[in-house]
There are 2 protein chains.
Amino acid sequence: MICGRTPEELIHDIEKFHGFVAPGLLIGSYMVDLAFHFLGKDMEFGAIVETEYGLPDAVQLFTPCTIGNGRLHIQNLGKFALTLYDRCSFNGCRVFLDLPKTEKFPLIYRWFMGSEFQNKQSYDPLVRDIITAGFGILSHNPVKVLRPKERRKKQEIAVCGQCREAYRAKQGDLCITCQGKGYYEIPRNA
Amino acid sequence: MICGRTPEELIHDIEKFHGFVAPGLLIGSYMVDLAFHFLGKDMEFGAIVETEYGLPDAVQLFTPCTIGNGRLHIQNLGKFALTLYDRCSFNGCRVFLDLPKTEKFPLIYRWFMGSEFQNKQSYDPLVRDIITAGFGILSHNPVKVLRPKERRKKQEIAVCGQCREAYRAKQGDLCITCQGKGYYEIPRNA
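Attention here is on the structure that accompanies the text. (Residues numbered from 1 in each chain as written. Chains lettered and ligands numbered in written order. Predicted model: local features only at pLDDT ≥ 70, side-chain atom pairs only at ≥ 80, totals over all residues. Heavy atoms only, no water.)

Glancing now at the overall build of chain A. Of the regular secondary structure elements, chain A holds six helices and eight strands. The C-alpha radius of gyration computed for chain A amounts to 20 Å, which surpasses the reference 16 Å derived for 190 residues by more than 25%, pointing to a less compact arrangement than a globule. Overall size of chain A, expressed as C-alpha extent along the three principal axes, is 60 × 45 × 30 Å. By the burial criterion, 52% of the 190 residues in chain A qualify as buried. (Helix = DSSP H or I, 4+ residues; strand = E, 2+ residues; numbered from the N terminus. Rg over C-alpha atoms; globule rule 2.2 N^0.38 Å. Buried < 20%, exposed > 50% of the residue type's maximum accessible area, 1.4 Å probe, protein only.)

What follows is the structure, given as C-alpha cells:
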C-alpha cells in the first residue's frame, strides 16, 4: 500500500487528478509515504516542494496540504525533493530522489536527467520501473525548516475606480489590470 | 448540479481535498461551472486564478488543470476571479465575484471585504448563503489571454559538488541550498 492505496488505486487517483500517470507524481507518492513513515501522521503538516513538476500534485493528493489552503509552498530550486514538516515545531523530513540509486534503473535515470521521454506515450515502461523501484531510489533527512512561508493575512480591499472590481488596495488607485499590466483583454465585440 | 455534483457531493469533495468547506473554494466551484457553461468542455483548458485563496483548489478539483501538470497559473492580483481558456486559441471566459451583486448577501459581502470570519467555526451560515446565492453573485466576460504562461522546458541538470544531488545547472557550481540560501538545515545529531 502506498499512501493507503493499492498500486491500481494509486494509478487511478493520479490519472483522475493529473490527467495522466506522470512519472514525477508517481515517484512523489512514494516520497510522501516515506515522509509519513518517519513523521507519523499526528501533526499539522506543512509542505514544501522543490520543483513545480509533478510533486505539487503528489502533496495535494496525498497530504492535507494544498496551494489553495496555504499549506503547500513551491520553492522552485530545480530539485526533485519535498519536505513535510510540523507547522508548530518546524521539524520535518525531506525526501529526495537519490541520483546514484537510480543507476540500477536506467529508464528512471534518463527521465530524471531530462534526456528522454518528451512523449507521454513512452511512459509505460518507466511507470513499471518506478513501481518496481519503489522506495529504493529515495533518500531522506530529518530537517528543521528555517524560513517557513506562511500566507499573508488578507490585506485591505478597495474598489477599482475603473472596472469597479474589488482588489488589493496597495496596488494603487487602479487595479493592476486597469493599469494595463493584466493578462487579458476583453474583445471589442463582447 | 454544480461541476457535475449535488451540493452534498460538492461539500464532500471540497472537505476531502481542502480540509474544510472554505467559502472561497465553494464560490469557486460555481465560478468554474459558469465558465464551462460558456466555453463548453471540448478544448484543452488552461487556467489562471487571480488570488491564492481558495480558487487554486477549485480549479484543481473541478477542471483538468493543476499546478503539477503546469496548466494552472496563479497571478496574484488580489482579485477574486478566474479565467479558463483554450490553450490553442487563448480565447476564454473570465468569471469574477461581482461586488455589487453581493450586497443582497451581507455575510458574503463582509467575508469578501475581509471584515469578518477569521474563525472557521463561523462559516456555516456563510456557506448556506453561498449555496443560496449560487451564480447570482458572479459576472463573466469573454477574454483573450494575452500573455499565457507556459511552463519552461526542463533545463540542463547538473550534480552538486557538495550535496551530490541533481539540480538545475544554471544556479551555479553549487545548488541553491549548498550556497546557503536554502529553506532548511539538517540537525547536527541527525
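Now that the structure has been shown, we can carry on.
Residues and elements named next belong to chain A. Helix length check: helix H2 (residues 23-39), at 17 residues, gives a terminal C-alpha distance of 25 Å against a target of 24 Å (1.5 Å per residue), a fit within 8%. Counting buried residues in H2 gives 15 out of 17 residues, a clear majority hidden from the surface. Taken from the residues just after H2, Gly40 is the one with a positive phi, measuring 75°. (Expected span 1.5 Å × (residues − 1).)

This brings us to the packing of aromatic side chains. The geometry of two aromatic rings is summed up by the distance between their centres and the angle between their planes. Overall, the coordinates contain 17 aromatic pairs over all chains when judged by the stated rule. The interplanar angle of 45° and the centroid separation of 5.6 Å between the aromatic rings of Phe17 of chain A and Phe17 of chain B together place this pair among those described as tilted. Here Phe17 of chain A is found in helix H1 (residues 7-18), whereas its partner Phe17 of chain B is found in helix H1 (residues 7-18) on a different chain. No difference in accessibility class separates Phe17 of chain A from Phe17 of chain B, as the two residues are buried. Note on Phe80 of chain A and Trp111 of chain A: the rings are 5.7 Å apart at their centroids and 85° apart in plane angle, and the pair reads as edge-to-face. Separated by 31 residues along the polypeptide, Phe80 of chain A in the loop between strand E2 (72-74) and strand E3 (81-86) and Trp111 of chain A in helix H4 (residues 106-112) bring together distant segments of the chain. This pair shows no difference in class: Phe80 of chain A is buried, exactly as Trp111 of chain A is. Ring pairing ties together the aromatic residues Phe80, Trp111 and Phe112 of chain A, which thus form one cluster. Sitting over the face of the ring of Phe36 of chain A, Lys41 of chain A holds its NZ or CZ atom 4.4 Å from the ring centroid. (Phe/Tyr/Trp six-rings, centres within 6.5 Å; stacked < 30°, edge-to-face > 60°. Lys NZ or Arg CZ within 6 Å of the ring centre and 35° of its normal.)

Where strand E8 (residues 184-185) of chain A lies against strand E5 (residues 138-145) of chain B, two bridges are found, and the strand directions are antiparallel. Its bridge partner lying in E5 of chain B, Glu185 of chain A is registered against Lys144 of chain B. (Pairing = 2+ DSSP bridges.)

Turning to the pattern of salt bridges, a few remarks are in order. Per the stated rule, a full pass over the model turns up ten salt bridges over all chains. We note a salt bridge from Glu44 of chain A to Arg87 of chain A, for which the minimum N-O separation is 2.5 Å. On the criterion of sequence distance, the pair formed by Glu44 of chain A in the loop between H2 and strand E1 (45-49) and Arg87 of chain A in the loop between E3 and strand E4 (91-97) is long-range, its members being 43 residues apart. Classification of Arg87 of chain A by relative accessible area gives partly exposed; the value is 22%. Between Glu50 of chain B and Arg94 of chain B there is a salt bridge, with the nearest N and O atoms lying 2.7 Å from each other. In this pair, Glu50 of chain B is assigned in the loop between strand E1 (45-49) and helix H3 (55-62) and Arg94 of chain B in strand E4 (residues 91-97), connecting sequence segments 44 residues apart. What you see here is one network of salt bridges that share partners, running through Glu50, Lys79 and Arg94 of chain A together with Glu165 of chain B. (Salt bridge = Lys/Arg side-chain N within 4 Å of Asp/Glu carboxyl O.)

Residue and element names in this part refer to chain A. Relative orientation of the contacting elements H2 and helix H5 (residues 123-133) amounts to 10°, with a least axis distance of 10 Å. The orientation of H2 relative to H5 falls into the category roughly parallel. Seen from H2, the contacting residues are Pro23, Leu26, Ile27 and Tyr30; seen from H5, they are Tyr123, Leu126, Val127, Ile130 and Ile131. Of the residues assigned to the contact of H2 with H5, the class counts are nine nonpolar, no polar and no charged. (Axes fitted to C-alpha atoms, helices over the stretch in contact; angles between N-to-C directions. Parallel < 35°, antiparallel > 145°, perpendicular 65-115°, else oblique. Contact = heavy atoms within 4.5 Å. Nonpolar A, V, L, I, M, F, W, Y, C, P; charged D, E, K, R; others polar.)

Scope: geometric values only; no functional claims are made or implied.
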